[in-house]
Amino acid sequence: MASLSACIITYNEADRIEACLRSLEFCDEILVVDSHSSDETRSRAAALGARVIERDWPGYRSQKQAARHDWVLCLDADERVSAPLRAEILARRAAGFAGMAGYSLPRITDYFGRFLRHGNAYPDRLVRLFDRRRGGWSGDEIHENTRVTGRIERLHGHLEHFSYRSLSDHQNRMARYADLMAQALYARGRRCGLAPVLLNPQWRFVRGYLLRLGFLDGWRGLVFALIEANYVRRKYLGLYIRSRGLPG
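Here the structure is a predicted model, which is why all the values come from computation and not from measurement.

Draft legend 1. Structural context of the overall build of the chain. Scanning the chain for helices and strands turns up six helices and twelve strands. Taken along its principal axes, the extent of the C-alpha atoms in the chain is 55 × 40 × 40 Å. Counting across all 248 residues of the chain, residues that qualify as buried make up 48%. A fraction of 73% describes how many contacts in the chain between residues 6 or more apart in sequence connect residues 24 or more apart. By element, 52% of the accessible surface of the chain is carried by carbon and sulfur atoms, the whole surface being about 12,000 Å². Taken as two groups, the 39 positive and 28 negative side-chain charges of the chain have centres that lie 7 Å from each other.

Draft legend 2. How the structure looks around helix α3 (residues 83-94). Taking 1.5 Å of rise per residue, twelve residues should cover 16 Å, and α3 covers 16 Å from first to last C-alpha, within 8% of that figure. Among the residues of α3, Leu85, Glu88, Ile89 and Arg93 are the ones counted as buried. The buried side chains of α3 occupy one side of the element, clustering within an arc of 135° when seen end-on. Away from its buried face, by an angle of more than 90 degrees, α3 presents the exposed residues Ala83 and Pro84. Elements that come into contact with the buried residues of α3 comprise β1 (4-10), β4 (71-76), β5 (79-81), β6 (102-111), β8 (124-131) and β12 (159-161). Positioned one or two residues after α3, glycine 96 has a phi angle of 75°, which is positive.

Draft legend 3. Here's a closer look at empty space enclosed by the protein. This model, assessed by the stated rule, comprises one cavity of 30 Å³ or more. Reported here for the largest cavity is a volume of approximately 70 Å³. Lining the largest cavity are 13 residues; nearest its centre among them are His118, Gly119, Asn120, Gly221 and Phe224. For the lining of the largest cavity, the elements supplying multiple residues, two or more each, are α5 (194-211) and α6 (218-243). Here the lining of the largest cavity gets four residues from one element, more than from any other, and that element is α6. Each residue belonging to the lining of the largest cavity can be placed in one class, and the counts come to five nonpolar, six polar and two charged.

Each value, and the rule that gives it
Residues numbered from 1 in each chain as written. Predicted model: local features only at pLDDT ≥ 70, side-chain atom pairs only at ≥ 80, totals over all residues. Heavy atoms only, no water. Helix = DSSP H or I, 4+ residues; strand = E, 2+ residues; numbered from the N terminus. Buried < 20%, exposed > 50% of the residue type's maximum accessible area, 1.4 Å probe, protein only. Contact = heavy atoms within 4.5 Å. Areas by Shrake-Rupley, 256 points an atom, 1.4 Å probe, with all protein chains shown as cover. Lys, Arg positive; Asp, Glu negative; His and termini not counted. Charge placed at Lys NZ, Arg CZ, Asp CG, Glu CD. Expected span 1.5 Å × (residues − 1). Arc of directions from axis to C-beta. 1 Å grid on protein atoms, 1.4 Å probe; cavity = no way out; pocket = protein on both sides within 12 Å on 5 of 7 lines; lining within 4 Å. Points joined across faces, edges and corners; volume = space filled by probe spheres on them. Nonpolar A, V, L, I, M, F, W, Y, C, P; charged D, E, K, R; others polar.

And the structure:
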């Protein structure tokens, strides 16, 4: 049986860290990398047997690099491994993860008390379980990705995502992400005119709410699609302003 490390990044997640860690009790190691939380995140994680590292925040991608075992399961503190997903992972681990370099997990997002099952939010497939000898985290510090060399199997059990505490939390977080993405795109040499600012948000809404049936999630689907479209608008507006030589 292969050994498995779980790695979680945290900052002021005392209210959610316990549920996350309890869903990972099947792992051989649970590593919490904390960026100087001012609440009880570190003490609660340590009380549940996690190995806790405290260090400065280097970015969403760089914060996820430490683990003792070659096979790594990476989560955020607002995510939980569901029982069906746990069973799938245990079966693959018992076989030594034979022949695979990684596994993609479908993430399902809780939105005001109900999971979103349509639109751009689902299925949000991510490679979160992988052999770090064959790859690791890459990409921007905000929208990081996992790149591995070899076969990737698609699992079906859900990674449950309890991301947003309130409407303002969702709006503020997406505004922050949009600004970070605009900065990252500009640093990579991307420039844009007004067309992406005007058209891309509309396309994101149409794609998620209509083409991907986000309307089937009721008012939750509508609110989510509107905030997502506004995220795209803010991202490209930030890139447009920087493209004109003005401060972002």
